[in-house]
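Residues per chain are reported as follows:
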Amino acid sequence: MNRISKCAAAIVLIGMMFGARAETLQTDAAGFPSFAIARLSINKMGVFLDQNGAYANHISPNIGPLAKVALANALFKLPVDESLNFEGPAQIYLIAPITLGANQDTATILPVVNTEKLTKNIIAIFGDAETKDGVMTFTVPQPLPQPDKSLLLKITGGKALLAPNLSVLKQLEAAASAPAAPADSADATLAISVPAIQRMYGVQIDGALQAGALLASESVEGLKKVTDQLDAIIKGMWQIGTIEARVTFDKDSKSATGELALVPLKDSRLADMFANPPAGLNGKDTQLLDVGAPINAAFKLNGPAIRAFLNRYGIKPPETSAAMDQALFDQFDGENMLAFDSQRVSLLHAQKGSDAATATKKIEAIQNALVDMIAAAMKETGALPKGTIYTPLVETAPYKGAPITLRKVGSHEGVAKLNPMVHDDNGYVAHAVVNGHWICGVGVKPDESIKRLIDRWTSGGGLKQDSQGASNEERAAFASPPPGTLVLLSVKLLDVATMFSGDLLGDNIMPEQITGGLPDDPVFISAFANEGKIGLRATLPGTTAGSIYAVTARLRRHGVNVFEMMGLGGAKKSSGETVPGNVPPPPPEK
């Protein structure tokens, strides 16, 4: 019996010893280690640095090596050399409080291939260490009056673990030995734990939202009216699990794609909403790209569902515009594509799968609703001359065998004859069937934009490819958008900037002096809802980033500071700081 009790005690003791050594990973509701508020995951650390360097070379030639070194110094506390696995993943955890500066506490997991060299590297930087149980503790001097910090290093299982204290190091070791998460397609992902934010700053955030609602409502009574909506917003906000920012480089790092997404907590009401997103774009139809417009867009709209949602919450337009509201929802119900033809100040619209007869009836409904709206508004303001009648005007002007219909709102007295409206500078609507596609335009010269399309299409339906058409990247993006894409936008930034730069630059600087000779590959921006998350995505070609850099340099040479123009930089002088004539201001009154 005594032997049995001794054996049992030994088993319990051994179990306690192993239990003490095994650290259980403590996580929050979003699955984050309890010590962390954010995590930067890099798929392949060495490759990621090379990609950033290659992309930087597109912005400014030969700046890549410097950008690579600067990024490595900002991310890692150790030299990135052959002691580390360039093809291995790295993780950097941000520890509260968040300072986003040199004093930010972090915990890092790095892949190691040469333990001896890594140890020599860190000793060369931080000096000798105290070693105990395989943990090296270094003292990191801090500027006075801040106290010195500790840096702990443990190398285990082919990984280097760096942490500011022993408690975090134990949790970091548990995180490093946990089963690997599914591989992320992004080159780097920054994930922020919303439960961690709520735990640390939730009271302050809730208070700020309530204070903002009180200021907006201007009274306690007004606040009571929005209390339910505010509570719904706050509850929905805290059902978010993580806020994720991703960056992905394409082949040869010619373009960088950034993504910002919201991921809800599991089993939350927000997760149920995100699990049933609206249908995304199918793409395929890219006919409007042949206009060569600087701005193109595609989106999918469920008109009846949106109107039902608005009616459910009592959001209705004024009675005078109810017909227009319904007509517009009917017009854009389905998959749409838009192109802004800046040279002709016109907006073109095409709808996938629409037939000419149905589309014409929809545009007629919009025109009739506009006539009624204008007449009602003029009558209400008393500006309607006696006997004046508003009426829809319709004319047809054939072009190369394709009848182009023009529509606008006209006014006349009695049965007076209406004036022709071809090339009316006041703006109108034009639509036509171009090679089987119903195209509609609105603006100053929409029929000229449609004629441009007709000129670019052959009679047999093939495209006349030339330098003015859309790029292959644009065609590919609109033909096959990623799954779950709800809205897709392409913008040629320099072209758009040139359009609006006249008033900003003044009379002494021509836009061509600022943007001339620079590449202007389109930037892509999209909204998506897919795989249980929603977010925004943007792709910036390196050549366009380089053009933006060149534009800012040219503006500086002409004495124009973009940041000061936008109110984001420059010295700010308070009133009374100086007086005319460089005379010092008077001393303050006692």
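Since this is a predicted model, take the numbers as computed values, not measurements.

*Asks:* How would you explain the overall build of the protein if you had to name every residue and give the values?
*Replies:* Tallying secondary structure elements over the protein gives 18 helices and 20 strands in all. Counting across all 590 residues of the protein, residues that qualify as buried make up 37%. Long-range contacts, defined as pairs at least 24 residues apart, comprise 64% of the intrachain contacts of the protein with a sequence gap of at least 6. Accessible surface, the protein: about 34000 Å² in total, of which carbon and sulfur atoms supply 59%.

*Asks:* Lay out the pattern of salt bridges with the relevant residues and their values.
*Replies:* Throughout the structure, instances matching the rule amount to 16 salt bridges. Of the charged contacts, one joins Asp 105 and Lys 149 as a salt bridge, the two residues approaching to 3.0 Å between their closest N and O atoms. Taken together, the positions of Asp 105 in the loop between strand E2 (90-95) and strand E3 (106-111) and Lys 149 in strand E6 (residues 149-156) put the pair 44 residues apart, joining distant regions of the chain. For Glu 259, the salt bridge is made with Arg 246, and the minimal N-O distance between the two is 3.7 Å. Residue Glu 259 is found in strand E10 (residues 255-264), and its partner Arg 246 is found in strand E9 (residues 240-249); the two are separated by 13 residues along the sequence. Arg 246 matches Glu 259 in its accessibility class, with the two residues each being buried. What you see here is one network of salt bridges that share partners, running through Asp 184, Glu 244, Arg 246, Glu 259, Lys 533 and Arg 537.

*Asks:* Hey, could you go over the confidence of the model for the protein for me, with residue numbers and the actual values?
*Replies:* Across the protein, the average pLDDT comes to 83, with 84% of residues at 70 or higher. pLDDT under 50 marks residues 459-467. Its contacts with residues more than four places away, or in other chains, come to 13 contacts.

*Asks:* Before we move on, can you summarise the environment of Ser 150 with the specific residues and values?
*Replies:* Tracing the chain through its elements places Ser 150 in strand E6. For the pair Ser 150 and Thr 137, spaced 13 residues apart in sequence, the C-alpha separation works out to 6.7 Å. If we skip the residues at most four places from it in the chain, Ser 150 touches Thr 137, Phe 138, Ala 163 and Pro 164.

*Asks:* I'd love a proper account of the packing of helix H9 (residues 303-312) against helix H10 (residues 322-331), names of residues and values included.
*Replies:* One way to put it is that H9 packs onto H10 with a least axis distance of 8 Å and a crossing angle of 140 degrees. Contact residues: H9 offers Gly 303, Ile 306, Arg 307 and Leu 310, while H10 offers Asp 325, Gln 326 and Phe 329. When the residues that make up the contact of H9 with H10 are grouped by side-chain class, the tally is 3 nonpolar, 2 polar and 2 charged.

*Asks:* Explain the packing of aromatic side chains to me, and be specific about the residues and the numbers.
*Replies:* Evaluation of the coordinates by the stated rule reveals 5 aromatic pairs. By way of ring pairs, the aromatic residues Phe 48, Tyr 55 and Phe 249 are connected into one cluster. In this arrangement the basic side chain of Arg 39 is found over the ring face of Phe 32, its NZ or CZ atom lying 4.6 Å from the centre. The ring of Phe 528 carries Arg 537 above its face, with NZ or CZ at 4.2 Å from the centroid.

*Asks:* Before we move on, could you go through the pairing of strand E17 (residues 437-443) and cite the residues and values that matter?
*Replies:* With respect to burial, E17 is a largely interior element, 5 of its 7 residues being buried. By the bridge criterion, 5 bridges tie strand E13 (residues 346-351) to E17 in an arrangement that is antiparallel. In the strand pairing of E17, Leu 347 is matched with Val 442. One ladder, built from 7 bridges, connects strand E16 (residues 428-434) with E17; its direction is antiparallel. Considered in E17, the bridge of Ala 430 is made with Gly 441. Hairpin connection from E16 to E17: 2 residues lie between these consecutive antiparallel strands, with Asn 435 at a positive phi of about 50 degrees.

*Asks:* Please give an account of the side chain of Thr 539 that cites residues and values.
*Replies:* Here Thr 539 shows up in strand E20 (residues 533-541). Side-chain polar atoms of Thr 539 contact the side chain of Thr 257, separated by 2.8 Å. With residues near it in sequence (within four places) discarded, Thr 539 still touches Ser 255, Ala 256, Thr 257, Val 523 and Phe 524.

*Asks:* Before we move on, could you go through the nonpolar core and cite the residues and values that matter?
*Replies:* Ile 42, Phe 76, Leu 110 and Leu 162 are the most contacted members of the largest nonpolar core, which totals 33 residues. Counting residues in each nonpolar core, the second largest holds 27 residues, with Ala 293, Tyr 428, Ala 430 and Ile 439 among its members.

*Asks:* An account of the environment of Gly 532 is needed here, citing residue identities and associated values.
*Replies:* Within the element layout of this structure, Gly 532 appears in the loop between strand E19 (523-530) and E20. Each C-alpha atom, one on Gly 532 and one on Val 263, is 6.9 Å from the other, the two residues being 269 residues apart in sequence.

*Asks:* Account for helix H3 (residues 64-75), with residues named and values stated.
*Replies:* Along its 12 residues, H3 runs 16 Å from first to last C-alpha, staying within 8% of the 16 Å computed at 1.5 Å per residue. Along H3, the positions that sit buried rather than exposed are Gly 64, Ala 72 and Leu 75. Viewed along the axis of H3, the buried residues span an arc of 75 degrees, placing them on a single side of the element. Exposed and oriented more than 90 degrees from the buried face of H3 are Leu 66, Asn 73 and Ala 74. Those residues of H3 that are buried lie in contact with strand E1 (36-42), helix H2 (45-59) and E2.

*Asks:* Can you explain the side chain of Thr 286? Please cite residues and give values.
*Replies:* Relative to the assigned elements, Thr 286 resides in the loop between helix H8 (269-274) and strand E11 (295-301). On the basis of relative accessibility, which here comes to 16%, the residue Thr 286 falls in the buried class. Beyond its immediate chain neighbours, meaning those up to four positions away, Thr 286 contacts Met 337, Arg 475, Phe 478 and Ala 479.

*Asks:* Describe unusual backbone geometry, listing the residues and the values that go with them.
*Replies:* The step from Ala 96 to Pro 97 runs through a cis peptide bond, and the omega angle for that step is 0 degrees. As for its placement among the helices and strands, Pro 97 is situated in the loop between E2 and E3. With omega at 5 degrees, the peptide bond leading from Leu 144 into Pro 145 counts as cis. The phi dihedral of Val 345 falls on the positive side, at around 50 degrees, and the residue is not glycine.

*Asks:* A description of the packing of H2 against H3 should follow, citing residues and the corresponding values.
*Replies:* One can describe the packing of H2 onto H3 by two numbers: an axis separation of 7 Å at closest approach and a directional angle of 140 degrees. The orientation of H2 with respect to H3, classified from their angle, is oblique. In this structure, the crossing between H2 and H3 has a hand that is right-handed. Where H2 approaches H3, its residues Phe 48, Leu 49, Asp 50, Asn 52, Gly 53, Ala 56 and Asn 57 are matched on the opposing element by Gly 64, Pro 65, Ala 67, Lys 68, Leu 71, Ala 72 and Leu 75. Classifying every residue of the contact of H2 with H3 gives 8 nonpolar, 4 polar and 2 charged.

Rules used throughout
Residues numbered from 1 in each chain as written. Predicted model: local features only at pLDDT ≥ 70, side-chain atom pairs only at ≥ 80, totals over all residues. Heavy atoms only, no water. Helix = DSSP H or I, 4+ residues; strand = E, 2+ residues; numbered from the N terminus. Buried < 20%, exposed > 50% of the residue type's maximum accessible area, 1.4 Å probe, protein only. Contact = heavy atoms within 4.5 Å. Areas by Shrake-Rupley, 256 points an atom, 1.4 Å probe, with all protein chains shown as cover. Salt bridge = Lys/Arg side-chain N within 4 Å of Asp/Glu carboxyl O. pLDDT = per-residue confidence, 0-100. Axes fitted to C-alpha atoms, helices over the stretch in contact; angles between N-to-C directions. Nonpolar A, V, L, I, M, F, W, Y, C, P; charged D, E, K, R; others polar. Phe/Tyr/Trp six-rings, centres within 6.5 Å; stacked < 30°, edge-to-face > 60°. Lys NZ or Arg CZ within 6 Å of the ring centre and 35° of its normal. Pairing = 2+ DSSP bridges. Polar contact = N/O pair within 3.5 Å; in protein donor to acceptor, adjacent residues only side chain to side chain. Core = buried A, V, L, I, M, F, W, Y, C linked by side-chain atoms within 4.5 Å. Expected span 1.5 Å × (residues − 1). Arc of directions from axis to C-beta. Parallel < 35°, antiparallel > 145°, perpendicular 65-115°, else oblique. Left-handed = near helix turned anticlockwise from the far one by under 90°.

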